[in-house]
Structure formats: structure tokens, C-alpha cells
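Letter by letter, the chains look like this.
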Amino acid sequence: MNIQANHPASRFSHYVTDALYRELIADFADWQDDDRAVEDAAERDLFRRLVEREARLLDRLLYEQWIELFAPECLYWVPSTPEGGDPRTEIAVMFDDRRRLEDRIFRLRTGYAWSQAPSSRTSRIVSNVEVFTCGRDDQRMVRSNFATSEFWDGEIRVLAGWTGHRFRKIDGAWKISAKQVNLLNCDQCIRNPSIIL
Amino acid sequence: MTTLERIKTPSRLRNAPLYDWDELVQEDRVHRLLYTDPAVFEAEMTHIFGGTWVYLAHESQIPNPNDFITAKLGLRPLIMTRDDEGTIRALYNRCTHRGTTLCRWEKGNSRSFQCPYHGWNFLNTGKLRGVPWPDGYADKLVRDPKYNLAQVPRVESYRGFIFGTLNMEAAPLTEHLGPIKRPIDEWLDRNPGGKVIVCEANRLKYKGNWKLAYDNSGDGYHVVFSHRSLLETENRFKDEASSKGMTYYRNDPDRLPMYCQYMGNGHHFKDKRPNLQKRPGGLWAIESLHPGMEHVQDKLRSRFGERAESILDLAGSEPVNINVFPNLSLLGNHIQVFQPVSFEETDAIWYGTKIEDVDGTLGEDVLTDINALRMRTQEGFPNFGEVDDITNFEQIQRGLMAPEDEWIYMNRGLGIPGRIHTLEDGTIKGPATDELFMREYIREWKRLMKAEPAIAIQREA
């Protein structure tokens, strides 16, 4: 299956600028602040449902629907250090823009991605969802914990950690503009890290 | 002042060799036991990861006085330290009292290490500084140098790469590296000031023998098959001006100017640079598409004109595989290290490298852009290529569980007149998909397994 180039960002990477990196680093520093926690149950529920939906789409390997949860100009970031670090000067486990996320999906769909042939089966438990404001009406930060059971090559293992989602309201809908996945063992050697987290 | 302790191989191994290595390693094939027998692995930890120079760390990981990182020599846990005076040591991370590992942090800065178990305290030179309640020991017992930490007796650097060996009879490092120094020099010298800085890593693990990774390190035969998903992904946009990545392997790769070269002592070199257009930007032209690529490219080209191409090449993946036996591989911009865990488990760590603006010709913002782009190019292959290779390594390990089907072949290119050439310097050159490097390195492996290395450890006096 071919991913259609739905957005200019699917084809060209002009938006990954130094300013974007700086904004990313700033947004993902010191945001988990009780004073900024959203109390409103309906709003918390909205974001909880979004991250749960994301987990379901990934468990069902519905990547083309999954990526529609993301803003056209988005980032998917799995740091290689527990503190996240500076992705401009440190290798990340994964650091994808829109196009590379679509590369990731394209590769999995080729049928020749031996690390996913057959595909892993996953069951993602997403919990402890907390929503934080961050000084912009059109932006929310969401923290959640995950425990992803992955069945691959005859065994089940658990990948665990926490996720920071940066949601932005685009044309009236909340979209993921950045997803930071913090694996507990992000700085250790990991066997076959080939599923989308 | 240091003292040296010669280590005699335990008699269990000394009585008789494990195997007739000539039976297991033949001209065109090797026996499955090289990969599946835990006893062979155990012997390798002495004869290979002890008997020859092994890559331990990069100097940029411990740049300041009293910096340390933990590392391994085979299975031996080490603390790589830089003392006040800048001397680098490879200390055994093992308390001399009861054997506890002293340091459980992967990196840091400390002048001393205190054992968490009974509080023995050691300087980062390895010298025992003190023990709790020393009057409980008979007459100054703990002043004996035998209580200073063991350390790797021979630690030498080549242009930032730190190696160590326990073998007192091994040739000096620079002599041991020999002809492989040339590609290492070229790999470094393409960067400003001829240096790189290690900056985190893609860290992978596979359930297979460490030699499967070294067998693969110069293998031009697997590329279009094992990496088919990568090549298709890199080339999914048909409107791109040039083919991306290792597409050149697709048609008749042995007739292309790229080549493989055996450099002696187990080291070998795959040079794909001759396939590139010989111009600044020739490397960048085949670089697959990465986050931020167009932004940085447009910015540099409008600012620097033609000079932008050679700057962009600094973010490109240098198309070489420089393999230093037994555990180091420089490829693209990565410093890859193979770390054996057991006969059927290996860690493959792809350290990323960044550059420095040593003479100020790039400027701070260009340096930031180029390094950011260089991070993104380096994340490409481990994510979209290496995962498929290590899956295939695991499946080799599984295939080798069949005991009766004994042999693994490495005979591609063997016995074809005019295909392989021995050059004046003794190096051996052949086409890109040849397995000549496997045959040659495993011959060196066999030599080391037969030899009795003069193993020693050292302690401060």
C-alpha cells in the first residue's frame, strides 16, 4: 500500500528548522506542573480518548488512520536518554518528521521488512492520563504511562514508559504536533526496536 | 610504577585444545560450532577478547580530568578513567576485596570509587585509598599492591579510539592496525580538524553470536535482499533526481568500482566511495531523505553557493565500512561496537558522531544545522536497515541449531582466476560482494584460537 503525499510536509522537509527544535525542547521541559493540570473532566476525557484511540489504531496496525491523528507538520521522538536531551546534538532512538513517519509506514507495508515479517502483535495499555495547559489556548500537553505487550518471534515482552503528547488545535480539531515516547530502557540495548511506539 | 601479574590459563583449558581448529575452520567454510558452542565462546573471551587489541571507548566520552565511563573487554566489566593528569586507564570494575562491581553508573566524573558493599575506596588510578577499620587487618596488609584494582596492562589510543589488550606479546597498536589506519585517517580527516565527538547511540541487541555481525560488516552480497525494504523506502519518490542510498548494489555490483579489501590482522575495508560522483555534494546527492534536509540544504545553498555542497557532505553517510577486528566498525558516520554477551547474544551499539567547528569556518548556526541533520541521517540506517539484518542474524543462530547440517559457507569469489588480487602491501582486494574478508578474518581468528596469549593484568605499585 502506498502512502499518498497528502501534505507538502509528506514530501518535503522544510519545517524542521532550528526554531522548531528550540520550541520542541522548550515545550518538553518543565511542563508537568500541578498548577497547570487541567481539572475539567470533559477536557481530560477528550484527550484520554485521543490517546486511547491512538493505541487502538496502532494495535490494529491501521497506520494510515493512525497518522491522521497527527498534524501535517509533526514530530515523533523517542529519546535515547531518560532526560530527553537535545536532538540537535544527540542521536535519538527515533526522531521522525512527517515524511519519515510515512517512510516508517511505507517500509512496514513493503512486505520486505524482515524485522516485522510476520508483524508483532501488540496490546497497549495507556493509563495515568494527565492534561496540562502550556500558555497557549490552542495547545495542550498530555502525559500518559504505557505498557505495551509485544508478541514477536514466539515470545511476549513488555515495553514500558511514559509518553508526552503535544496536541495542537488545527482547523478546530486537536492533532498531535509532537509525540515524545520515553522508554524506561531508552539508553540500553534493545532487541528489535521495530514497532511504532 | 606498576606491577605486572602474568596469568596462567586455567589447566582445564590448557590440558588439551578444545577442538582441532583446522577441522572447524576450512578454506571455504566454517563449522556451526563456532557460533553455537558456549565453550568456544568462553575460549574466545580469552584468546580473542584478551589475545588481541580490542576497542574499548572513544576519548571524547571521557574528555575531562576525572571523567569515567563503564565499558567491557569481552565480558570483563571495566571503568575507563581519565585521571587528574589526563592518563587514561581501563580499570577492572571489580573490588579487590570480594569482587563486587564498584561503579554502577554508566558515566560520570569522580576522583574515586567507593565499593557499596564494604566501603573500600579506590582512586581513579586504581590505587586503594583506604578501607574501613583497617586495624582489623594484620600488619598493614591492605597496603599490599595486590589490593589495588586490576587494570588492562596495555591501553593505547589511535586518533581518539582507545584500545586495550591483555596480551603482553601483541604488537604495538599502530603496527597491529597497519593498513586499516589509512581508511580510518580518511574517515576522520573528512571532518573539520580530523575529529569527531561521540554523542549518544542507537543501541541494539540480538540473540545471536557476535561473529554474525562481524561476518556481515563487509558483506556486499546481502544488501539488496536483507535491505530491500530500506532501498524501496528510500526510493519511493519517483520524482527525485538521483537514486538514494545503496541502490548501486542492484545491478551487477561486482563490476562497479567499489571494492573490498582485507587489511591484515582480521581488519577489512569496504570502499563504496568510488561509486560516487567525484565532486563536492556527490555524497549528499545519494543521501536518502531526512528530517530537516530541504530546510538546511536551501539555507546553506543560498548563503554559501557552491561551498554549501561540501558542507552538506559533512552530514552525509560516508559510504565505507572500516572493520577493525574483533569489535569495531566505522560506517557512515557511526562508530559501531559489537559487544558479546553470550554465545547467542550480542549488543550492537551504533554510537553517533557529531563534528566541531574547530577553526571557526562554519559558524555556530551552520554547525548546529549540520549536526542536527547529521543526527537525522545517522538515525536512518539503524531504524530502517539494521533491524532487518539483526533479525536475519537471529534466524541464522536458529538455523544453526540443526546439528547434522554442519557447515556455513564463505566461499563466494574463491577459486575464480583473476578475481582477487594481493597488492604489494600484502592487502587483498576483490569485488564488492566477495566473501574474501570472511575467509581472511576467520583465518586470523583461527590463528588466535590456536595461540597461547601471554595474558597479564596490571596494578598500581
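Remember, predicted model here, so these are calculated numbers, not experimental data.

What counts, and where the lines are drawn
- Residues numbered from 1 in each chain as written.
- Chains lettered and ligands numbered in written order.
- Predicted model: local features only at pLDDT ≥ 70, side-chain atom pairs only at ≥ 80, totals over all residues.
- Heavy atoms only, no water.
- Pairing = 2+ DSSP bridges.
- Helix = DSSP H or I, 4+ residues; strand = E, 2+ residues; numbered from the N terminus.
- Axes fitted to C-alpha atoms, helices over the stretch in contact; angles between N-to-C directions.
- 1 Å grid on protein atoms, 1.4 Å probe; cavity = no way out; pocket = protein on both sides within 12 Å on 5 of 7 lines; lining within 4 Å.
- Points joined across faces, edges and corners; volume = space filled by probe spheres on them.
- Nonpolar A, V, L, I, M, F, W, Y, C, P; charged D, E, K, R; others polar.
- Salt bridge = Lys/Arg side-chain N within 4 Å of Asp/Glu carboxyl O.
- Polar contact = N/O pair within 3.5 Å; in protein donor to acceptor, adjacent residues only side chain to side chain.
- Contact = heavy atoms within 4.5 Å.
- Buried < 20%, exposed > 50% of the residue type's maximum accessible area, 1.4 Å probe, protein only.
- Phe/Tyr/Trp six-rings, centres within 6.5 Å; stacked < 30°, edge-to-face > 60°.
- Lys NZ or Arg CZ within 6 Å of the ring centre and 35° of its normal.
- Buried area = accessible area lost by both parts, 1.4 Å probe.
- Disulfide = S-S within 2.5 Å.

(A) Spatial organisation of the sheet that holds strand 8 (residues 112–114) of chain B. Residue and element names in this part refer to chain B. Pairing within the open sheet is antiparallel, and its 3 strands lie in the order 8-9-10. Strands with a single pairing partner mark the edges of an open sheet, and in this sheet they are strand 8 and strand 10 (128–130). The mean angle between the axes of side-by-side strands here comes to 30 degrees, regardless of whether they run parallel or antiparallel. Where strand 9 (residues 121–123) meets strand 10, 2 bridges bridge the pair, whose relative direction is antiparallel. Bridging from a neighbouring strand, Asn121 pairs with Gly130 of strand 10.

(B) Spotlight on empty space enclosed by the protein. Residue and element names in this part refer to chain B. By the definition in use, this model includes 8 cavities of 30 Å³ or more. What the largest cavity holds in volume is close to 740 Å³. As for the largest cavity, its lining consists of 49 residues, and the residues nearest its centre are Leu230, Met246, Lys272, Ser317 and Phe381. With 8 residues, the single largest contributor to the lining of the largest cavity is helix 13 (residues 364–399). Put simply, the second largest cavity is a space of about 130 Å³. Residues that form the lining of the second largest cavity fall into these classes: 6 nonpolar, 5 polar and 3 charged.

(C) Broad picture of the pattern of salt bridges. Throughout the structure, instances matching the rule amount to 59 salt bridges over all chains. With a closest N to O distance of 2.8 Å, Glu345 of chain B and Lys205 of chain B form a salt bridge. On the criterion of sequence distance, the pair formed by Glu345 of chain B in strand 19 (residues 345–354) and Lys205 of chain B in strand 13 (residues 197–206) is long-range, its members being 140 residues apart. Connected via shared salt-bridge partners are Glu23, Asp27, Arg136, Asp138, Arg166 and Arg168 of chain A.

(D) Just the side chain of Arg98 of chain A, in detail. Residues and elements named next belong to chain A. The topology assignment puts Arg98 in helix 5 (residues 98–109). At 3.1 Å, the side chain of Arg98 forms a polar contact with the backbone oxygen of Ala71. Looking at Arg98, its side chain comes within polar contact range of the side chain of Glu102, at 2.8 Å. Setting aside residues up to four positions removed in sequence, Arg98 forms contacts with His7, Ala9, Ser10, Tyr15, Ile67, Glu68, Phe70, Ala71, Pro72 and Cys74.

(E) Summary view of the layout of surface pockets. Residue and element names in this part refer to chain B. By volume, the largest pocket amounts to about 1300 Å³. Forming the boundary of the largest pocket are 44 residues, of which Gln61, Thr70, Glu106, Arg203 and Tyr351 lie nearest the centre. Of all the elements in the fold, those that place two or more residues in the lining of the largest pocket are strand 3 (54–58), strand 4 (67–73), strand 5 (76–82), strand 7 (107–109), strand 13, strand 18 (334–342) and strand 19. Residue composition of the lining of the largest pocket, grouped by class: 19 nonpolar, 13 polar and 12 charged. Asp215, Asp219, Ile396, Glu435 and Met438 are, among the 17 residues lining the second largest pocket, the residues nearest its centre. Broken down by secondary-structure element, the contributors of at least two residues to the lining of the second largest pocket are helix 7 (210–216), helix 8 (223–226), helix 13 and strand 20 (407–409). Per-class residue counts for the lining of the second largest pocket are 9 nonpolar, 4 polar and 4 charged.

(F) Structural detail: the pairing of strand 4 (residues 139–152) of chain A. Residue and element names in this part refer to chain A. Most of strand 4 is tucked away, with 10 of its 14 residues classed as buried. Hairpin connection between strand 3 (residues 121–133) and strand 4: a loop of 5 residues separates the two successive antiparallel strands, and Gly135 in this loop has a positive phi of roughly 80 degrees. With 14 bridges joining them, strand 4 and strand 5 (residues 155–170) adopt antiparallel strand pairing. Bridged to Trp152 within strand 5 is Glu155. In this antiparallel pair of consecutive strands, strand 4 and strand 5, the connection spans 2 residues, and Asp153 shows a positive phi of 55 degrees.

(G) Spotlight on the packing of aromatic side chains. If you walk through the whole model with that rule in mind, you get 30 aromatic pairs over all chains. A ring pair is formed by Trp31 of chain A and Trp162 of chain A, whose centres lie 6.3 Å apart and whose planes are at 45 degrees; its orientation type is tilted. Highlighted residues: Trp31 of chain A in the loop between helix 2 (18–27) and helix 3 (41–59) and Trp162 of chain A in strand 5, separated in sequence by 131 residues. Comparing Trp31 of chain A with Trp162 of chain A shows no difference in burial state: the two are buried. With 5.4 Å between their ring centres and 90 degrees between their planes, Trp21 of chain B and Trp445 of chain B make a pair best called edge-to-face. Here Trp445 of chain B lies in helix 14 (residues 436–450) and Trp21 of chain B lies in helix 2 (residues 21–24), a separation of 424 residues in the sequence. Comparing Trp21 of chain B with Trp445 of chain B shows no difference in burial state: the two are buried. Through successive ring pairs, a cluster of aromatic residues spans Tyr21, Phe28, Trp31, Trp77, Phe95, Phe132 and Trp162 of chain A. A cation over an aromatic ring shows up here: Arg11 of chain A above the ring of Phe237 of chain B, its NZ or CZ 4.0 Å from the ring centre. Above the ring of Phe95 of chain A, the side-chain terminus of Arg376 of chain B is found at 4.2 Å from the ring centroid.

(H) Quick peek at the interface of chain B and chain A. Between chain B and chain A, the residue contacts involve 50 residues of the former and 46 residues of the latter. Of the roughly 4300 Å² buried between chain B and chain A, counting both surfaces, carbon and sulfur atoms make up 52%. Among the residues of chain B in contact with chain A, Arg203, Arg236 and Phe384 of chain B are the three that bury the most area, contributing 16% of the side total. Summed over the shared surface of chain B and chain A, the result is 7 salt bridges. Here Arg236 of chain B ties to Asp103 of chain A by a salt bridge, and the two come within 2.6 Å at their closest N and O atoms. The tally of links from chain B across to chain A stands at 33 residue pairs in polar contact (both at pLDDT 80 or more). Secondary-structure elements contributing two or more residues to the side of chain B that touches chain A are strand 13, helix 8, helix 9 (228–234), helix 11 (293–304), strand 19 and helix 13 of chain B. Among the elements that make up the side of chain B that touches chain A, the one with the highest residue count is helix 13 of chain B (19 residues).

(I) Region of the structure containing the state of the cysteines. All names here are of chain B. Under the criterion given, the structure shown has 0 disulfides over all chains. The structure places no disulfide on Cys103, whose sulfur is separated from the nearest cysteine sulfur, that of Cys115, by 11 Å. Residue classification places Cys103 among the buried positions, given a relative accessible area of 6%.

So yeah, pure geometry; function would need other evidence.
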